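Residues per chain, in single letters:
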Amino acid sequence: MGLPAASPISDDFDAVEAEAQRRGWCWEESLVCESFRTADQHVLCSDSASPFGNPDARTFLVFGELYPVDPHDERMANGSWLYGLMDRWQEQPGWSGRRPSTAQDCEAVLAQAAQAVSEHLGAPPERTISSSETVAAGPALTHRIWRTRTHALILGPAADNGPYGYLTHLQLSCTPLTCGPDLPPTDDEDGLESWITAHIDW
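Summary of the structure given here. Given the structure is predicted, the values throughout are model-derived calculations rather than measurements.

Definitions and cut-offs
- Residues numbered from 1 in each chain as written.
- Predicted model: local features only at pLDDT ≥ 70, side-chain atom pairs only at ≥ 80, totals over all residues.
- Heavy atoms only, no water.
- Helix = DSSP H or I, 4+ residues; strand = E, 2+ residues; numbered from the N terminus.
- Rg over C-alpha atoms; globule rule 2.2 N^0.38 Å.
- Buried < 20%, exposed > 50% of the residue type's maximum accessible area, 1.4 Å probe, protein only.
- Contact = heavy atoms within 4.5 Å.
- Areas by Shrake-Rupley, 256 points an atom, 1.4 Å probe, with all protein chains shown as cover.
- Lys, Arg positive; Asp, Glu negative; His and termini not counted.
- Charge placed at Lys NZ, Arg CZ, Asp CG, Glu CD.
- Salt bridge = Lys/Arg side-chain N within 4 Å of Asp/Glu carboxyl O.
- Polar contact = N/O pair within 3.5 Å; in protein donor to acceptor, adjacent residues only side chain to side chain.
- Pairing = 2+ DSSP bridges.
- Axes fitted to C-alpha atoms, helices over the stretch in contact; angles between N-to-C directions.
- Phe/Tyr/Trp six-rings, centres within 6.5 Å; stacked < 30°, edge-to-face > 60°.

Some points on the overall build of the chain
Logical step 1: Broken down by element type, the chain carries 5 helices and 8 strands.
Logical step 2: Secondary structure elements of the chain occur, N-terminal to C-terminal, as α-β-β-β-β-α-α-α-β-β-β-β-α.
Logical step 3: Expected size for 202 residues packed as a compact globule is a radius of gyration near 17 Å; at 17 Å, the chain falls within 12% of this value.
Logical step 4: Along the longest, intermediate and shortest principal axes, the C-alpha atoms of the chain span 50 × 40 × 25 Å.
Logical step 5: For the chain, the residues scored as buried account for 43% of the 202 residues in total.
Logical step 6: Across the chain, contacts joining residues at least 24 apart in sequence account for 54% of those joining residues at least 6 apart.
Logical step 7: Surface accessibility of the chain: about 10,600 Å² in total, with carbon and sulfur atoms responsible for 49%.
Logical step 8: Placing the 12 positive and 30 negative side-chain charges of the chain at their respective mean positions leaves the two points 5 Å apart.

Regarding the side chain of Arg 127
Logical step 1: One can find Arg 127 in strand E5 (residues 127-130).
Logical step 2: Here Arg 127 sits buried without a salt bridge, and the closest side chain of opposite charge, Glu 126, lies 5.4 Å off (N-O distance).
Logical step 3: A distance of 3.0 Å separates a polar atom in the side chain of Arg 127 from the backbone oxygen of Pro 184.
Logical step 4: Ignoring sequence-local partners within four residues, the contact set of Arg 127 consists of His 143, Arg 144, Ile 145, Leu 183, Pro 184, Pro 185, Thr 186 and Leu 192.

Considerations on the sheet that holds strand E2 (residues 35-37)
Logical step 1: Taken together, 8 strands build an open sheet; the order of strands is E1-E2-E3-E4-E8-E7-E6-E5 and the sheet is antiparallel. Edge positions in the sheet fall to strand E1 (26-28) and E5, since each has one partner strand and no second. The average angle at which neighbouring strand axes cross in this sheet is 30 degrees, direction not considered.
Logical step 2: Note: strand E4 (residues 59-66) against strand E8 (residues 168-176), 7 bridges, orientation antiparallel. Across the sheet, residue Leu 66 finds its bridge partner in E8, namely Thr 168.
Logical step 3: Along the sheet, helix H4 (residues 103-121) contacts E4, strand E6 (142-147), strand E7 (151-159) and E8; its crossing angle with E6, the most-contacted strand, is approximately 10 degrees.

Overview of the side chain of Gln 41
Logical step 1: Mapping Gln 41 onto the fold places it in the loop between E2 and strand E3 (43-46).
Logical step 2: Engagement of the side chain of Gln 41 in a polar contact is seen with the side chain of Arg 37, the distance being 3.4 Å.
Logical step 3: Leave out the neighbours within four places in its chain, and Gln 41 touches Pro 93, Gly 94 and Trp 95.

Here we look at the packing of aromatic side chains
Logical step 1: Under the definition given, this model contains 4 aromatic pairs.
Logical step 2: Between Trp 27 and Phe 36, the ring centres sit 5.2 Å apart and the planes meet at 85 degrees, which makes this aromatic pair edge-to-face.

Structure (structure tokens):
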């Protein structure tokens, strides 16, 4: 959450690599996607070569993965090709796995993350809503929204647009408020869904 206000680091590869090493981070190519692995073993993706001190960068901290098996979809019901990858992830330091996992299990993880965000910001979420299947595959889970003066922080499920396509990320996104218009009113469900998608999709 502090990355936008950090000391700026240029997009030069060596400079970014040095800053990552200083933070105890490393570059990860096989976990979720090409991304940083933080010192806490979370996966941080960015649409910028340098997320450090770049207020225009969109960053996505992935701390959980959900594979919502649909028994009516042959591609998803036979998930053995993906189970091996998920087993590898849960063997990584800081990660664990649960199979089968319920929506309540996922909500418990999101609630724990929400507490950490609220404690860091000193404020509860501005908006708490249930996601729909159009935002991410699988069960409807809770999205929580905080806003700073410049950024939207959105905690909840997000679609896996690649490389696997079947996963749902549990993530905290930190994106400039310019990614979408003002937060729609609570009764504008479609508008709010579009607002969330504009900020969390990557």
